Each structure stands twice: as C-alpha cells, then as structure tokens.
Amino acid sequence: MKIQKEIDFILAIDALKNVNRRNYNADDSRRENTAEHSWQIIILAQILFPYAKNNTDIDLLRVIRMLSIHDLVEIDAGDTFLFDEEGMKGKFEREKIAAKRIFGILDEPLSTQFYNLWIEFEEEKTPDAIFACAIDRIMPFILNAHTSAKSWTEAAVTEKQVRTMLETAICRSSDDLEECFRILMGRCLDDKKLVKHL
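Residues numbered from 1 in each chain as written. Predicted model: local features only at pLDDT ≥ 70, side-chain atom pairs only at ≥ 80, totals over all residues. Heavy atoms only, no water.

1. Considerations on the state of the cysteines
Line of reasoning, step 1. Tallied over the full model, the rule gives zero disulfides.
Line of reasoning, step 2. Here Cys-133 stays unpaired: no disulfide links it, and the sulfur of Cys-171, its closest cysteine neighbor, is 12 Å away.
Line of reasoning, step 3. For Cys-133, a relative accessible area of 1% gives the class buried.
Line of reasoning, step 4. Cysteine Cys-180 remains unbridged, with the sulfur of Cys-171 as its closest cysteine sulfur at 9.2 Å. (Disulfide = S-S within 2.5 Å. Buried < 20%, exposed > 50% of the residue type's maximum accessible area, 1.4 Å probe, protein only.)

2. Observations concerning a nonpolar patch on the surface
Line of reasoning, step 1. The grouping of Trp-39, Ile-43 and Ile-47 at the surface amounts to a nonpolar patch, some 340 Å² of accessible area in total.
Line of reasoning, step 2. Mapped onto the elements of the fold, Ile-43 is located in helix H2 (residues 34–48).
Line of reasoning, step 3. A relative accessible area of 40% places Ile-43 in the partly exposed class. (Patch = residues over 30% accessible without salt bridge, like charges linked within 9 Å, V, L, I, M, F, W, Y side chains within 5 Å. Areas by Shrake-Rupley, 256 points an atom, 1.4 Å probe, with all protein chains shown as cover. Salt bridge = Lys/Arg side-chain N within 4 Å of Asp/Glu carboxyl O. Helix = DSSP H or I, 4+ residues; strand = E, 2+ residues; numbered from the N terminus.)

3. Some details on the nonpolar core
Line of reasoning, step 1. The biggest cluster of nonpolar side chains holds 59 residues, and the ones touching the most others in it are Phe-9, Leu-67, Phe-103, Phe-141, Trp-152 and Val-162.
Line of reasoning, step 2. When residues of this core are traced back to their parent elements, those giving at least two are H2, helix H3 (60–69), helix H6 (91–103), helix H7 (110–123), helix H8 (127–145), helix H10 (159–171) and helix H11 (175–190).
Line of reasoning, step 3. Sort the elements by how many residues they give to this core and H8 lands first, with 11 residues.
Line of reasoning, step 4. Dropping the residues within four chain positions of it, Trp-152 is found in contact with Phe-83, Phe-141, Asn-144, Val-157, Val-162, Cys-188, Lys-193 and Leu-194. (Core = buried A, V, L, I, M, F, W, Y, C linked by side-chain atoms within 4.5 Å. Contact = heavy atoms within 4.5 Å.)

4. Quick look at the side chain of Asp-136
Line of reasoning, step 1. Tracing the sequence through the fold places Asp-136 in helix H8.
Line of reasoning, step 2. We note that Asp-136 is buried and unpaired, the nearest opposite charge coming from Arg-137 at a distance of 4.7 Å.
Line of reasoning, step 3. Not counting residues within four places of it along the chain, the set of residues in contact with Asp-136 comprises His-37, Ile-41, Leu-67, His-70, Asp-71 and Phe-121. (Lys, Arg positive; Asp, Glu negative; His and termini not counted.)

5. Side note on the packing of aromatic side chains
For any pair of aromatic rings, the description consists of the separation of the ring centres together with the inter-plane angle of the planes.
Line of reasoning, step 1. Summed over the entire model, instances satisfying the criterion amount to eight aromatic pairs.
Line of reasoning, step 2. When the centroid spacing of 5.5 Å and the interplanar angle of 80° are considered together, the rings of Phe-81 and Phe-83 count as edge-to-face.
Line of reasoning, step 3. Residue Phe-81 is classed as buried on the basis of its relative accessible area of 12%.
Line of reasoning, step 4. The class for Phe-83 is buried, based on a relative accessible area of 12%.
Line of reasoning, step 5. Between Phe-141 and Trp-152, the aromatic rings sit 5.9 Å apart at their centres with planes inclined by 50°, giving tilted as the arrangement. Placement of the pair is Phe-141 in helix H8 and Trp-152 in helix H9 (residues 150–154), with a sequence separation of 11 residues. Comparing Phe-141 with Trp-152, the two get one shared label, buried.
Line of reasoning, step 6. Following the ring pairs from residue to residue traces out a cluster consisting of Phe-9, Phe-103 and Phe-114.
Line of reasoning, step 7. Directly above the aromatic system of Phe-81 lies the positively charged group of Arg-22, at a separation of 4.2 Å from the ring centroid. (Phe/Tyr/Trp six-rings, centres within 6.5 Å; stacked < 30°, edge-to-face > 60°. Lys NZ or Arg CZ within 6 Å of the ring centre and 35° of its normal.)

See below:
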C-alpha cells in the first residue's frame, strides 16, 4: 500500500495521547496529556498571531506545523517538567534521539522536513520559532494563572524559576503577550501560587 508508512507514523504518534504532563486542565480535574496540549497551542497560535511582533515575517502555517510535531519526541523521551532542573539535564539529547526515530518512520522528504522543523523550534532563532516557543510557554502559564496552580504548588515552583524559564521566551515575541505575562504574574504572586523571590 502506497501510504503504509504514513499510516505507521500516525498510529505510532497515537501514543502521544498517553503521555501525561504535569499541568492540569482548566477545570483542575486531571493532568492534561501532551496531545491535548499540542491541540490547544495550535488553536492559541492562530488567535494570538495578530499580536506577534513583526507578524508579517512569520509564516503561521509553518508555526502550526512546528507546534503540531514539536512534542512528538515525548513519546520516547517523556514529558520533562520545565522546572525540574535535574530532569532538564540532557533533555535535548534524549529528545534528539527520539526525533530521529519517530520522524524516521516517514519517507523522505517529510522525515527530514519534520526533523528540521523540530530543530528550528528547539533553537528558537527564527521569527517562526520565537513565536511558536512563546505560544508553547504561555499556555501552561495561562492555565496555572487561572486555576489553583497545582502543578506549580506541588513542585514549589518559584517566581525566579518562572521568570527564568518563561519571561524572555514569552515577552520577546509580543508586546501584548508581555503585558499579559506581567499582569498574570502579579496575580499569581498576590494569590501565592508561586514561591516569591526575595
């Protein structure tokens, strides 16, 4: 069958539905899975695109493609909590091995296209990748800001950690996202959802 490799790939990535993240859904009832996160950030990118700095330099379709595949590596490498400093060590190398295997299920040129999109996202240098990264980082932040922030409070996440891992990535992409970050950060601190940096 001509499309057998494509079917093999889509069946392989079904496993993303089984990768649970630390973040909770907006109703605080359960942790989200990575497939749900990927779907949500694809929607978020489309609705926040008008607010991106220099959005005439951003190819929204490429951003959507990037966001749709960037977490597939978690099928093999698992979800690494952004604020787990030990877990973050070696993350890129683990995920690179996973990317080669998972995208390698496909024939060329798509296998290399997906791998290169994944690398571009990870390097955060192009306008597309900078915007995609901001969307990926702000979604869990929005969820924590609008819930009881269980994923933060369970891990005693600090203000400094959030600023280090999120602030630049979010704020450099959009003045409006910067305003959103600052307002929501203030509320999170007021509501004691983060350990305050002294």
